[in-house]
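Per-entry structural report
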Amino acid sequence: MNIHTYEKVWLVAAMVLIVGFIATITYGAVGPGIAMIDDEGGDINPDEINDDERFAEPGVEHVGGNEYEVAVVAQAWSYTPSQIEVPANSEVTFYVTSRDVTHSFSVVGTNVNTMVIPGQVSEMTVKFDEPGEYGILCNEYCGEYHHTMEGKLNVVPEDEFDMTELSVEADDEVESGNETTITANVENGMQEDLETTVSLEIGDETREEAVTVPGDGSEEVAFTVDSADLGEGDHDWTVTVDDYEESGTLSVVTPDGNESADGGDGDA
Amino acid sequence: MRISKGALLVVVALLVPFVVEFRTALSWFGIKLTILESLALAGVLVIGLLLWAVWPENGNGGTGTADSS
Amino acid sequence: MATSPPTEVTAMRNAYVDQFPDEARVIKAAFWSSFIALAIGGTLGLVQALHRTDVFRFIQSPDYYTVLTAHGVLLAITFTIFFLVGTFTWAVTTSLDRGVVDVRFTWAWYIMMVIGTVLVAIAIFSGFLESAPSVLGSELNADVLFTFYAPLEAHPIFYIGLVLFVVGSWLAGVDWFRTWLAWRSENPDERIPLPTFMVLTTTLFWYICTFGVALSILVFLLPWSLGITESVNPLLTRTLFWYFGHAVVYFWLMPAYMMWYIMLPKFSGGKLFSDPLARVVFVLFLLLSTPLGIHHQYLDPGIAEGYKFIAMTNTMFLLLPSLLTAFTVVASMEHGARQRGGEGYLGWLKALPWRNPIFTGMALAGLMFAAAGFSGMINAGMNINYLVHNTWWVVGHFHLTVGTAVALTFMAASYWFIPQLTGKELWNRSVALGQVLLWFIGMTFMSNAMHRSGLFGMPRRTAEPQYQGFDFEPAVGTVGEINMQVALGGVILTLSLALFLLNMIMTSIGDDSESIPDNTYAGTLSGAEDSPRILDNLKLWTAIAVVLVIIAYTLPLASIIDAGGLFGPGIEGVRLSTWVDPAVIESLGEVIR
């Protein structure tokens, strides 16, 4: 075959370019370790998402150290959860699946981007070095309101991040003269123990109790409140743990008739 | 004319991607042109090009070289 | 075969319509089918450009997806493939210097493709009706976009129409092959003429790749939409779609390549640089067009990284024929320019026939394709692709490839073909030159803005890329400015399209002219006698192509079927417009806001 000299030079240059591209991509995969979405995530029956260990309660989970896992369920036209919060300087593995049609889970302006195909679980691990706020959107057409499908990813500074949850159980009403209990339940989603203080403000009084919540566990703190100290009327209370607050109002009422102690169960 | 009218028209068209991309490229060096400035730049380039095209070659009057088939 | 300047009146007109009047009629019909698709699809493109960018919205956003489906199918499938079958029929008959074996057969496949298109169009456009009529037990609808990913489900006639269209194109291939075989029995020792060689190799990989989509539709999607089967495996049908989905882009690119190889050198005033290299290029496309479809699925779960790597490698090697084409086309243009008296390292560029819209259109299309090649290399890069996958970048990319390299070449070629097919002179060459330049300028604005917005994450296929919870942050300029650039580009492109159609209509209703140039294509500097005979061994190349496909696809398909089953884990269809209760939409909207 008769090939012109210039054409030969061009041919060689073209091959060098092609091999160069393949080499840089290979380097990207084995050097800095840019991993692809692959079949690691496994498969799942979309009808059984609610029974799945991981996806029954989607959200952020602490694995240990600076590693986290986030389970996300996509469906037309929302993500569950739609707000995700992780700390900076962390390694987060996302698991995403779809309940209905094909979606994507794409963190805007980054290379965190995966297709979400029903029957499959997309798994990808991402390092977040710096705090920042990112939008999440679906970039695969998923129906008439596809353009409304969005979420938010907040990477917060490490020292502002925790996985503490506070819930409070308290009565609304107590009869004058009785005692009642305000119970704070502190959940710790991190794997390490959480040492903190639970405080209750009611009336003019502030009470504090130190507590150690075990990793991936919860602890209850009960404050006994004597209505006699408060006097009749409405009293606002606030329970605080770190940055979390719950508040409510306790009414101390005059007992009517001879009935006794039906408001509180306080015999601490 | 140094180039044919057809070629001149094509060069003017080619200025469009040049100016559009030039504007993006300049921003890498911190130079941010507004749309109006970019338009002005394009205008200057087009006028420059026209002047160059109609300027007589080697001092003597237009020897139209390229044909326009 | 040098050009004859159009002003020179030949003694006996020898245009295509004089040589092959029967074939000319079919080709003309195919071209007009193509132009109608272009007119409708292009207009819908303007609607989208204005809607997305929030410049002018007159449709409801859910209808945007009906518009988008029509735009994609009409332009990527109907416009391109109707033009292709016309061009290929012209190429086979012209280069073999004989008519098709039986023109009734030619009409038969053309009509089959038309029926297929009409069915698909009915299904898609029913999406605009508030309550579409019920046919075959379900409401007409096909808001599934060009890719029809299950479990989005279209009405059965959408799938039936696609099948008819593809089978029609298969029969067109049969027509070209049997015409060639008839020629071969008359000329047993001759080399396959280059244009016919291009047609045959392209047809072969079309057979290989459409096998995947035919399987996907006939075995899985059609029975499922008819309610015969209950469920699909979305990853499987998606993989079968992309088995076809990338080769189809080469299918519509090949007629443009053919024009660059056999027409552009002629219009430059010279000859094709090398016949053997042209054959090598088309053989490479036959070999590599299909076993790389998985590069559209770099972001898909359920496919191991190794298979994606194989697809990436094949994709990169497919750069080779395009880089070779760039060389050959530019070298041929330079040769032509020097024949016309061009001199100097770059001075020869001035000697090219820029006044000729056919030449200028094809040359600008080739230039845009070079730019598209660069953004394509980014897409092909497995890891950097994560940044741009399914963003507007990709839309910018394929508006340079199919939207310019292909469409602009087709429009420029039409300025040559329509006079050839009708015996009527082009209505207005200046308007034609303006038209190709406007297309180039419009696409520059639109595609540049699309690429840039992809880099900051603006998604494709989205009616209102304006989100509640966050804003896009462009590296340069503002989102508003980028949107204006897209809208401006869209308007210029629509104007260009209108000028093209005007020229085609005015030419067709004009008077017969005696001054139509002869129907010829470019000769070669280094001819077929220089190319090894093995290049013409189509059986060998087809066998290797099939083996490559088997290597690239057996294992991924096996693991997909192994994991999800042939028919998936109970995944039912989702028909969007009948499925959603408006109250649900309202409440969902509330939740999101």
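Reading the values: the criteria
- Residues numbered from 1 in each chain as written.
- Chains lettered and ligands numbered in written order.
- Predicted model: local features only at pLDDT ≥ 70, side-chain atom pairs only at ≥ 80, totals over all residues.
- Heavy atoms only, no water.
- UniProt positions renumbered as here; feature names shortened; annotations may be inferred.
- Helix = DSSP H or I, 4+ residues; strand = E, 2+ residues; numbered from the N terminus.
- Rg over C-alpha atoms; globule rule 2.2 N^0.38 Å.
- Buried < 20%, exposed > 50% of the residue type's maximum accessible area, 1.4 Å probe, protein only.
- Contact = heavy atoms within 4.5 Å.
- Areas by Shrake-Rupley, 256 points an atom, 1.4 Å probe, with all protein chains shown as cover.
- Lys, Arg positive; Asp, Glu negative; His and termini not counted.
- Charge placed at Lys NZ, Arg CZ, Asp CG, Glu CD.
- Buried area = accessible area lost by both parts, 1.4 Å probe.
- Salt bridge = Lys/Arg side-chain N within 4 Å of Asp/Glu carboxyl O.
- Polar contact = N/O pair within 3.5 Å; in protein donor to acceptor, adjacent residues only side chain to side chain.
- Nonpolar A, V, L, I, M, F, W, Y, C, P; charged D, E, K, R; others polar.
- Core = buried A, V, L, I, M, F, W, Y, C linked by side-chain atoms within 4.5 Å.
- 1 Å grid on protein atoms, 1.4 Å probe; cavity = no way out; pocket = protein on both sides within 12 Å on 5 of 7 lines; lining within 4 Å.
- Points joined across faces, edges and corners; volume = space filled by probe spheres on them.
- Pairing = 2+ DSSP bridges.
- Axes fitted to C-alpha atoms, helices over the stretch in contact; angles between N-to-C directions.
- Domains from an automatic or database assignment.
- pLDDT = per-residue confidence, 0-100.
- Patch = residues over 30% accessible without salt bridge, like charges linked within 9 Å, V, L, I, M, F, W, Y side chains within 5 Å.

Labelled according to an unreviewed UniProt entry, chain A appears under the name Cytochrome c oxidase subunit II, originating from Natrinema thermotolerans. Listed under Subcellular location (unreviewed entry) in UniProt, the entry text for chain A is "Cell envelope".

1. Some words on the overall build of chain A
Across its full length, chain A holds two helices and 18 strands. The C-alpha radius of gyration of chain A comes to 28 Å, more than 25% above the 18 Å expected for a compact globule of 268 residues. Dimensions of chain A, computed from the C-alpha atoms along their principal axes, are close to 115 × 40 × 25 Å. Counting over 268 residues, chain A shows a buried share of 47%. Of the contacts made within chain A by residues no fewer than 6 positions apart, 62% connect residues no fewer than 24 positions apart. Taken as a whole, chain A presents about 12800 Å² of accessible surface, with 41% of it coming from carbon and sulfur. Between the centroid of the 6 positive side chains of chain A and the centroid of its 61 negative side chains there is a distance of 20 Å.

2. Here's the deal with the interface of chain C and chain B
Of the residues lining the interface, 23 residues belong to chain C; the matching set on chain B comes to 22 residues. At the boundary of chain C with chain B, total buried surface from both sides reaches about 1800 Å², with 69% on carbon and sulfur atoms. It is Lys 350, Trp 354 and Val 476 of chain C in chain C that bury the most area against chain B; as a group they hold 27% of the surface buried on that side. Here chain C and chain B share one salt bridge between them. Arg 23 of chain B is paired through a salt bridge with Glu 481 of chain C; the nearest N and O atoms lie 2.8 Å apart. Run the count over chain C and chain B and you get two residue pairs in polar contact (both at pLDDT 80 or more). Elements that contribute at least two residues to the side of chain C that touches chain B include exactly α13 (357–380), α16 (429–455) and α17 (479–508) of chain C. Counted by class, the side of chain C that touches chain B contains 12 nonpolar, five polar and six charged residues.

3. Section: the arrangement of the chains
Interchain contacts are distributed over two pairs of chains, and the most extensive set of them lies between chains A and C. These two, chain A and chain B, are apart from each other, with no contact and a minimum C-alpha gap of 18 Å.

4. Examining the UniProt feature "domain: Cytochrome oxidase subunit II copper A binding" (unreviewed entry) in chain A
Annotation from UniProt places "domain: Cytochrome oxidase subunit II copper A binding" (unreviewed entry) at residues 65–167 of chain A. Between the end C-alpha atoms of residues 65–167 of chain A the distance is 26 Å, and the span holds 0% helix and 57% strand.

5. Quick word on the interface of chain C and chain A
Across the boundary between the two partners, chain C contributes 77 residues, which contact 64 residues of chain A. Between chain C and chain A the total buried area reaches about 6100 Å² when both faces are included, carbon and sulfur atoms providing 70% of it. Area buried by chain C at its contact with chain A is led by Pro 301, Asn 383 and Tyr 386 of chain C, which between them contribute 11% of it. A salt bridge links Arg 461 of chain C to Glu 140 of chain A, with the nearest nitrogen and oxygen atoms 3.0 Å apart. Summed over the shared surface of chain C and chain A, the number is 19 residue pairs in polar contact (both at pLDDT 80 or more). When the residues that make up the side of chain C that touches chain A are grouped by side-chain class, the tally is 51 nonpolar, 16 polar and 10 charged.

6. Considerations on the nonpolar core
The biggest cluster of nonpolar side chains holds 260 residues, and the ones touching the most others in it are Phe 94 and Phe 105 of chain A together with Val 85, Trp 90, Phe 148 and Phe 158 of chain C. The element contributing the most residues to this core is helix α3 (residues 61–96) of chain C, with 21 residues. Apart from residues no more than four positions distant in its own chain, Trp 90 of chain C is found in contact with Tyr 16, Ile 27, Met 259, Ile 262, Met 263, Trp 416, Phe 417 and Asn 519 of chain C. Counting residues in each nonpolar core, the second largest holds 21 residues, with Val 168, Val 198, Ile 202 and Val 252 of chain A among its members.

7. What to know about empty space enclosed by the protein
Residue and element names in this part refer to chain C. Under the defined criterion, the tally for this structure stands at seven cavities of 30 Å³ or more. Approximately 120 Å³ is the volume attributed to the largest cavity. Val 73, Ile 77, Ile 81, Phe 146, Phe 148, Leu 162, Phe 165, Val 166, Trp 206, Val 213, Ile 217 and Phe 244 are the residues that line the largest cavity. When contributions to the lining of the largest cavity are tallied by element, the ones reaching two or more residues are α3, α5 (156–186) and α6 (194–225). Classifying every residue of the lining of the largest cavity gives 12 nonpolar, no polar and no charged.

8. Focus: the sheet that holds strand β11 (residues 164–169) of chain A
Strand pairing in a sheet relies on backbone hydrogen bonds. The paired strands run either parallel or antiparallel. Residues and elements named next belong to chain A. A sheet is described by the order of its strands in space; here three strands give the open sequence β11-β13-β16, paired in antiparallel fashion. Because the sheet does not close on itself, it has two edges, and the strands there are β11 and β16 (217–226). Across the sheet, the mean angle separating the axes of adjacent strands is 20 degrees when strand polarity is ignored. Sheet analysis places β11 next to strand β13 (residues 179–188), joined by six bridges and oriented antiparallel. Directly across from Glu 165, in β13, lies its bridge partner Glu 187.

9. Thoughts on the sheet that holds strand β9 (residues 132–137) of chain A
Residue and element names in this part refer to chain A. The strand order β4-β10-β9-β6-β7 describes an open sheet built from five strands, whose pairing is mixed. Pairing within the sheet leaves two strands with one partner each, and these edge strands are β4 (83–87) and β7 (113–116). Geometrically, the sheet is characterised by an average inter-axis angle of 20 degrees between neighbouring strands, direction not taken into account. Across six bridges, the pairing between β9 and strand β10 (residues 150–156) is antiparallel. Of the residues in β10, the one forming a bridge with Ile 136 is Gly 151.

10. Some thoughts on the UniProt feature "transmembrane region" (unreviewed entry) in chain A
UniProt's feature table lists "transmembrane region" (unreviewed entry) at residues 9–30 of chain A, given in the numbering used throughout. Segment residues 9–30 of chain A splits into 100% helix and 0% strand. End C-alpha atoms: 31 Å apart.

11. Overview of the domain arrangement of chain A
When the parts of a complex come together, some accessible area is lost, and that lost area is often used as the size of the interface. Residue and element names in this part refer to chain A. The domain architecture assigned to chain A consists of domain 1 (39–160) and domain 2 (164–253). Each of domain 1 and domain 2 has a C-alpha centre, and these two points are 34 Å apart. Facing the five residues of domain 1 at the interface are four residues of domain 2. When the area that domain 1 buries against domain 2 is broken down by residue, the three leading residues are His 62, Gly 65 and Tyr 68, summing to 83%. Between the two partners, domain 1 and domain 2, sit zero salt bridges.

12. Here's the deal with the confidence of the model for chain B
Looking at chain B, the pLDDT average stands at 82 and 81% of residues meet or exceed 70. Across residues 60–69 of chain B, where pLDDT falls below 50, the model places 18 contacts with residues more than four positions away in sequence or in other chains.

13. Observations concerning the environment of Val 126 of chain A
Residues and elements named next belong to chain A. One can find Val 126 in strand β8 (residues 122–128). Here Val 126 falls in the buried class, since its relative accessible area comes to 11%. Residues Val 126 and Val 112, 14 residues apart in the sequence, show an inter-C-alpha distance of 7.3 Å. When residues no more than four places from it in sequence are discounted, the contact partners of Val 126 are Ser 90, Glu 91, Val 92, Phe 94 and Val 112.

14. Describing a negative patch on the surface
A cluster of acidic residues, Glu 85, Glu 158, Asp 159, Glu 160, Asp 242 and Asp 243 of chain A, forms a negative patch at the surface. Within the element layout of this structure, Glu 85 of chain A appears in strand β4.

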